[in-house]
Amino acid sequence: MRYTPKPEHRFSFGLWTVGNIGRDPFGDPVRALRSPVQLVQLLAEVGAWGVNFHDNDLVPIDATPAERDRIVSDFKKALDTHGLVVPMATTNLFTHPAFRDGAFTSNDPKVRAYALQKTMRAIDLGVECGASTYVFWGGREGTETDAGKNPADAGKWFQEAINFLCEYVIDQGYDLRFALEPKPNEPRGDIYLATVGHMLAFIETLDHPQMIGVNPEVAHERMAGLNFTHAVAQAWNAGKLFHIDLNDQNLGRYDQDFRFGSHNIKQAFFLVKFLEDVGYDGSRHFDAHAYRSSDYADVKAFASGCMRTYLILKEKAEQFRQHTEIQDLLAQITADDGAMDRFKGRYSAEKAANLTAYTFDRDELGRRGQPYERLDQLVIELLLGI
Ligand code: GLT
Ligand code: MN
Ligand code: MN
């Protein structure tokens with residue numbers, strides 16, 4: 001079976017993805033709530049490897065300690081029965097009204113302290129279930145108006161929170177890495193730390209940057225109008241691609257969280273090709289949900305579709321590597337006669353002096369065209385199956 005998901009593909013889904021009940025700002029839920037155990041079974045049926053969760057996807061916010069323990073034990077049994085793992089966990093810091101003005105960046109110090117407490121408990125829960133990556137998506141960390149909060153103060157509160165939680169993880173002796181997930185807007189008018197670039201810069205201001213990477217999401221960079229693969233590549237070069245949220249999004253729309261590859265096949269292809277070329281070995285997490293019009297049979301088709309499209313695009317990436325015309329064009333595009341080798345690499349005073357003295361034929365450099373139209377058309381034909 002060519003496109004059958006296997007554990008080595010590291011395909012994971014959040015409980016909140018296949019468990020999405022289709023509520024939106026204009027309409028009530030359309031699918032009956034399924035328990036975490038039922039969702040683990042559904043994910044096993046479609047061949048997923050991992051399941052991720054927010055604290056409250058698994059344990060309701062008002063559960064007693066005894067209820068919590070029973071739920072966790074049932075969940076772990078289901079994981080064992082179906083052979084699924086929990087690669088990642090996270091905290092819900094956005095649903096409860098307490099977080100209406102943010103969590104780590106709320107103006108209310110009680111809310112900020114509560115957010116820390118909730119996250120420490122959620123970290124314990126995640127680690128108990130086997131998670132090795134912990135995601136922070138600051139969905140409510142933002143504003144509609146800047147009249148009531150200084151964004152520099154908010155940035156400091158955010159730093160303090162992540163520093164505090166790093167120390168907590170170290171203190172507990174947990175083997176856990178943090179992955180910060182940016183988004184430009186929705187549900188807030190503007191969310192702080194809007195893109196992967198913002199997050200990468202923010203991480204370097206923290207006390208334990210080595211513990212912290214990013215969790216880029218296709219839809220979120222696209223909402224910001226950016227090239228997702230470029231963002232992922234920058235994170236990769238920085239050694240910060242700790243996790244990835246795969247889905248799809250049409251530019252200029254609400255936060256759609258569509259099935260992976262369902263909207264922009266070409267961008268999905270370059271992303272898969274990048275991940276496979278560099279040998280990214282983390283989770284391929286589908287942070288998406290089925291259309292509101294779907295029933296649970298269609299939710300399964302949605303989940304299978306995410307994985308199948310990934311595997312098809314992975315095969316296309318291999319075809320790209322084997323494609324004679326494409327490779328000939330690439331060889332032509334990247335041709336290097338070695339004449340510049342003496343100027344490459346690290347600075348030295350001698351190199352700088354030689355380069356300063358060298359005479360370039362600027363007009364000759366400007367005459368060189370690149371056959372990107374031909375190359376891109378070959379990619380389009382590859383993707384169209386010609
Ligand atoms: C929420 C959001 C996602 C985040 C999840 C983790 S929750 O569904 O839209 O992008 O990854 O908190
Ligand atoms: Mn996400
Ligand atoms: Mn999203």
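Everything numeric in this text was worked out from a predicted model, so none of it was measured.

> Help me out: how do you make sense of the sheet that holds strand β6 (residues 177-181) in this one?
Two strands in a sheet stick together by hydrogen bonds in their backbones, pointing the same way (parallel) or opposite ways (antiparallel). Pairing is parallel in the open sheet, where 8 strands are placed in the order β8-β6-β4-β3-β2-β1-β10-β9. Where the open sheet ends on each side, the last strands, each with one partner, are β8 (212-214) and β9 (245-246). Strand direction decides the pairing type here: strand β2 (residues 50-54) and strand β3 (residues 88-90), joined by 2 bridges, are parallel. Residue pairing in the sheet places F53 in a bridge with A89 of β3. Of the strands in this sheet, β4 (133-137), β6 and β8 touch helix α6 (residues 151-172), which is tilted by about 155° from β6. Here helix α11 (residues 296-322) sits on the sheet and contacts β1 (11-14), β9 and β10 (284-286); the angle it forms with β1, its principal contact strand, is near 145°.

> It is not clear to me how the coordination of the manganese ion (ligand 3) should be interpreted in this structure. Could you clarify?
Under perfect tetrahedral coordination by four donors, a metal shows angles of 109.5 degrees; under perfect octahedral coordination by six donors, it shows angles of 90 or 180 degrees. Protein coordination at the manganese ion (ligand 3): the donors are E217 (OE), H220 (NE2) and D257 (OD), at 2.1 to 2.5 Å from the metal. Motif for the manganese ion (ligand 3), donor spacing along one chain: E-x2-H-x36-D. Taken as a pair, the manganese ion (ligand 3) and the manganese ion (ligand 2) show a spacing of 4.5 Å, with E217 coordinating each metal. A residue pair is termed long-range when its members are at least 10 positions apart, and H220 in helix α8 (residues 218-223) and D257 in the loop between β9 and α10 (265-278) qualify at 37 residues. The exposure class of H220 is buried, given its relative accessible area of 2%. Under the relative-accessibility criterion, D257 is labelled buried at 11%.

> What am I meant to see in the packing of aromatic side chains here?
Where two aromatic rings form a pair, the distance of their centres and the angle of their planes describe that pair. Applying the stated criterion across every chain, the model contains 21 aromatic pairs. Measuring from ring centre to ring centre gives 5.4 Å for Y134 and F136, while their planes differ by 65°; the resulting arrangement is edge-to-face. A residue is classified by how much of its surface remains accessible, and F136, at 5% relative accessible area, is buried. Judged by centre distance (5.8 Å) and plane angle (85°), the rings of F258 and Y291 are edge-to-face.

> I keep staring at the environment of T4 and nothing clicks. Help me out?
Note on placement: T4 falls in the segment before β1. Judged by relative accessible area, T4 falls into the partly exposed class, the value being 31%. Each C-alpha atom of the pair T4 and L200 lies 35 Å from the other, and the pair is 196 residues apart in sequence. Contact partners of T4, with chain neighbours within four places excluded, come to H9 and L311.

> Teacher, can you tell me more about the site of ligand 1 here?
Looking at ligand 1, the residues that line it are W16, H54, T90, F94, W137, E181, E217, H220, D245 and D287. With respect to ligand 1, the side chain of E217 contributes an N or O atom lying 2.8 Å from an oxygen atom. Here an oxygen atom of ligand 1 sits 2.8 Å away from a polar atom, N or O, in the side chain of D287. Within the complex, the protein chains bury 92% of what would otherwise be the 310 Å² of accessible surface of ligand 1. Residue composition of the shell around ligand 1, by class: 3 nonpolar, 3 polar and 4 charged.

> Help me out: how do you make sense of the nonpolar core in this one?
Proteins that are soluble and globular tend to have nonpolar side chains buried together. Ranked by internal contacts, the top residues of the largest apolar core, which has 99 residues, are F13, F75, F178 and F260. Looking at this core, the element that brings in the most residues is α11, giving 11 residues. In contact with F260, other than residues within four places in its own chain, are L246, N247, A268, L271, V272, F286, C306, T309, Y310 and L313.

> Any chance you could explain the coordination of the manganese ion (ligand 2) here in plain terms?
Looking at the manganese ion (ligand 2), the protein donor atoms are E181 (OE), E217 (OE), D245 (OD) and D287 (OD), and they sit 1.9 to 2.2 Å from it. According to the relative accessible area criterion, D245 is buried, its value standing at 1%.

Criteria and cut-off values
- Residues numbered from 1 in each chain as written.
- Chains lettered and ligands numbered in written order.
- Predicted model: local features only at pLDDT ≥ 70, side-chain atom pairs only at ≥ 80, totals over all residues.
- Heavy atoms only, no water.
- Pairing = 2+ DSSP bridges.
- Helix = DSSP H or I, 4+ residues; strand = E, 2+ residues; numbered from the N terminus.
- Contact = heavy atoms within 4.5 Å.
- Axes fitted to C-alpha atoms, helices over the stretch in contact; angles between N-to-C directions.
- Donors = N, O, S within 2.8 Å, 3.2 Å for Na, K, Ca; no water.
- Buried < 20%, exposed > 50% of the residue type's maximum accessible area, 1.4 Å probe, protein only.
- Phe/Tyr/Trp six-rings, centres within 6.5 Å; stacked < 30°, edge-to-face > 60°.
- Near = heavy atom within 4 Å.
- Polar contact = N/O pair within 3.5 Å; in protein donor to acceptor, adjacent residues only side chain to side chain.
- Areas by Shrake-Rupley, 256 points an atom, 1.4 Å probe, with all protein chains shown as cover.
- Nonpolar A, V, L, I, M, F, W, Y, C, P; charged D, E, K, R; others polar.
- Core = buried A, V, L, I, M, F, W, Y, C linked by side-chain atoms within 4.5 Å.

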